[in-house]
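Here are the chains, one letter per residue:
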Amino acid sequence: MMEPEEDLSDYSKDDEPADLLEMRVPNEHGGLRLDQVLVKLLPEYSRSRLQEWIEQGLVTLNGSPASVKQKVWGGETVRVSPQIHPSEQPFHAEDIPLDIVYEDDDILVIDKPVGLVVHPGSGNWQGTLLNALLHHAPQLANVPRAGIVHRLDKDTSGLMVVAKTLVAQTALVRQMQSRSVKREYLALVWGELYHGDTIDLPIGRHPSQRVKMAVVENGKEAITHYSIEANFPSCTLVRCRLETGRTHQIRVHLTYVGHPLVGDTVYQRGSQKCVPQLRELLNGFPRQALHATQLALAHPVTGERMEWHAPLPEDMEELLDRIDEASDGI
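Below or above, wherever it landed, is the structure these notes cover. (Residues numbered from 1 in each chain as written. Predicted model: local features only at pLDDT ≥ 70, side-chain atom pairs only at ≥ 80, totals over all residues. Heavy atoms only, no water.)

**Re the side chain of S157**
And step 1. Within the fold, S157 resides in strand 7 (residues 157–163).
And step 2. For S157, the side chain forms a polar contact with the side chain of H291, separated by 2.8 Å.
And step 3. If sequence neighbours within four positions are ignored, S157 has contacts with K112, P113, V114, L152, R287, L290, H291, A292 and P313. (Helix = DSSP H or I, 4+ residues; strand = E, 2+ residues; numbered from the N terminus. Polar contact = N/O pair within 3.5 Å; in protein donor to acceptor, adjacent residues only side chain to side chain. Contact = heavy atoms within 4.5 Å.)

This is the structure in structure tokens:
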């Protein structure tokens, strides 16, 4: 049921938000849609931002809630209550548990769980690793991106390093750029592989599906080395070592060579060949089976070479155990 319309005519001047904008639609804009008119009257705001405000009920036309496609005829009174976008607000500390593998005055190494977004962004402005870091170490508010120097996808688990000072962040970024940071992942992929290889194929934004990455001719250099950890019917556990760190690199590379990750609904194309005993089990895994299992780097202050390992998370361990059980007799 719709909420009753609010009678703005009864508001006193003191009731109005300090940033409320009021304007009259020029006659020459008659016949245009409201969102088109607002772009002309408020050029400092993007069209998408203005449309968002209209949909949120923050724009009224002659005192009544407006709609994006509503036409104006000139002379109407428009009121807009601008809202700060979450991306423009300071990020807040949130008490979110962290699995800390190592910590000193300069760096923090965590084992990120499945489902935790690393950095606030569209649809995830709260509840991220960055929010958790600000609570754990408030001084990170003075470090760009709260010290985050690399990312893992929301549904990828495993090791990440965070810089606690600007000096440490600068040093870690340089190590990433020089490719001296060692990062290894365990991935369960569709298909049976029997030997390792190196995939050296450039990766860039997908030409038509902007939320995806792809192997593209004009993409950035991307190199993934992989070896075999364990063989199963219809799938293989592989260890991947990244030489570069492109977005979705492992997922894109392994899909390109015909072995998408189990559970990766974004990159897997169609159904995969599978023995009947494992089909339901593999198709039912709810996320890409990928875990950052090893991280090695030079300490940004002391220069000491350090290395950490994180065992497979419970969901991947359980998946492998069930594959083993179901594979008996195949």
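The rest of the description comes next.
**Observations concerning the pairing of strand 12 (residues 223–232)**
And step 1. Across four bridges, strand 9 (residues 197–200) lies against strand 12 in antiparallel orientation. The partner of T198 across the bridge, within strand 12, is H225.
And step 2. Looking at chain direction, strand 12 and strand 13 (residues 235–242) are connected through eight bridges and run antiparallel. Each residue of the ladder has a partner; that of F232, found in strand 13, is C235.
And step 3. The hairpin formed by strand 12 and strand 13 contains two residues between the paired strands, and S234 there has a positive phi angle of roughly 70°. (Pairing = 2+ DSSP bridges.)

**Some details on the layout of surface pockets**
Gaps between atoms show up when a probe of the same size as a water molecule is rolled over them.
And step 1. The volume enclosed by the largest pocket comes to roughly 1,300 Å³.
And step 2. R151, L152, D153, T247 and H248 are, among the 42 residues lining the largest pocket, the residues nearest its centre.
And step 3. Contributions of two or more residues to the lining of the largest pocket are made by helix 4 (166–178), strand 8 (182–190), strand 10 (203–205) and helix 5 (249–256).
And step 4. A per-class count over the lining of the largest pocket returns 16 nonpolar, 14 polar and twelve charged. (1 Å grid on protein atoms, 1.4 Å probe; cavity = no way out; pocket = protein on both sides within 12 Å on 5 of 7 lines; lining within 4 Å. Points joined across faces, edges and corners; volume = space filled by probe spheres on them. Nonpolar A, V, L, I, M, F, W, Y, C, P; charged D, E, K, R; others polar.)

**Description of the pairing of strand 4 (residues 77–80)**
And step 1. Taking every second residue as pointing to the same face, both faces of strand 4 are buried, with T77 and R79 on one and V78 and V80 on the other.
And step 2. Note that strand 1 (residues 21–24) and strand 4 share four bridges and pair antiparallel. Bridge assignment links M23 to a residue of strand 4, and that residue is V78.
And step 3. With three bridges connecting them, strand 2 (residues 59–61) and strand 4 associate as antiparallel partners. Bridge assignment links V59 to a residue of strand 4, and that residue is V80. (Buried < 20%, exposed > 50% of the residue type's maximum accessible area, 1.4 Å probe, protein only.)

**Quick look at the nonpolar core**
Generally speaking, a soluble globular protein has its nonpolar side chains buried in company with each other.
And step 1. In terms of nonpolar packing, the biggest core is built from 30 residues, with Y185, I250 and L254 touching the most fellow members.
And step 2. When residues in this core are grouped by element, the largest group, four residues, is from helix 3 (residues 129–136).
And step 3. Ignoring sequence-local partners within four residues, the contact set of I250 consists of Y185, T224, C240, L242, L261 and L290.
And step 4. One finds L186, W190, A289 and L319 within the second-largest nonpolar core, a separate group that totals 18 residues. (Core = buried A, V, L, I, M, F, W, Y, C linked by side-chain atoms within 4.5 Å.)

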